[in-house]
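# Architecture and fold: a report
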Amino acid sequence: AGCASAVWGLSTAAAAAAFSFVAKKRERSLADLRTSSSVAFDGEPTPEELKIFRRLAALLPSVDPAQFEALTVIRYRPGERLAPHYDANLAADAEDANRGGQTLATLLVYLNDVAPGGETRFNLLGPLDLAPVAGDACLFFPADAAGRFD
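Described below are features of the structure shown in this document. (Residues numbered from 1 in each chain as written. Predicted model: local features only at pLDDT ≥ 70, side-chain atom pairs only at ≥ 80, totals over all residues. Heavy atoms only, no water.)

### Some points on the pattern of salt bridges
So the rule is basically this: Whenever Lys or Arg places a side-chain nitrogen within 4 Å of a carboxyl oxygen from Asp or Glu, that contact is recorded as a salt bridge.
Taken as a whole and assessed by the stated rule, the structure comprises 2 salt bridges. Where D129 meets R121, a salt bridge forms, and the shortest distance between an N and an O atom there is 2.6 Å.

This is how it looks when you write it as structure tokens:
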């Protein structure tokens, strides 16, 4: 949570409170795929969320923030995981129409360091394992500019 303060301008208490509040009101829909806890900040943004979106918009000046998906925070406790998956969706035109269609870019921002075994893995790139370090980010493109699955 300390990194949330430095990266996003949130107080540690505000980051923890936002995570706790939203996590309690949101059900996990990916139980077989994900054993972690996740929170999507959707709906009308709070002042704290607006700070995050402004920061993202500054980092990605050529992207219209209206095209961003809901900011999602994921917490992994020891032994939790997210099964291999694709961020792009072959059926995006139908399934993801309500959120703008195909995911063209994904930005992961790591809020804490992670012990060995907690890496982000890209299976089709070797595999390539990235060890999360607090404050680091990983930007990747799961679909091309035309929205074709990559």
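### Quick notes on the nonpolar core
Counted only if it meets this: Only buried residues count toward a nonpolar core. Its members are Ala, Val, Leu, Ile, Met, Phe, Trp, Tyr and Cys residues joined through side-chain atoms within 4.5 Å. Burial classes: relative accessible area under 20% of the type maximum marks a residue as buried, over 50% as exposed, and values in between as partly exposed (1.4 Å probe, protein chains only). Numbering of helices and strands starts at the N terminus; helices are DSSP runs of H or I of at least 4 residues and strands are runs of E of at least 2.
Residues V39, F41, I52, F53, L56, F68 and L71 constitute the largest nonpolar core, which totals 7 residues. Of all the secondary structure elements, the ones that give two or more residues to this core are β1 (37-41) and α3 (47-59). Per-element accounting of this core gives the leading share, 3 residues, to α3.

### Some thoughts on α3
We count it as follows: To estimate the expected span of a helix, count its residues, drop one, and scale the result by 1.5 Å. Summarising the geometry, the arc corresponds to the directions from the helix axis toward the C-beta atoms.
With 13 residues, α3 extends 19 Å from end C-alpha to end C-alpha; this agrees with the ideal 18 Å at 1.5 Å per step. Among the residues of α3, those classed as buried are E49, I52, F53 and L56. Take α3 and look down its axis: the buried residues cluster within an arc of 95°, on one side only. Facing away from the buried side of α3, by more than 90 degrees, are the exposed residues P47, R54 and A58.

### Some words on the pairing of β1
For clarity, the threshold we go by: Only strands that DSSP links by at least two bridges are regarded as paired with each other.
Taking burial as the measure, the 5 residues of β1 include 5 buried ones, the bulk of the element. Side chains S37, V39 and F41 project from β1 onto one buried face, and the interleaved S38 and A40 project onto a second face that is buried too. Pairing of β1 with strand β2 (residues 71-75), which is carried by 5 bridges, proceeds in the antiparallel orientation. Bridge pairing in β2 places S37 opposite R75.

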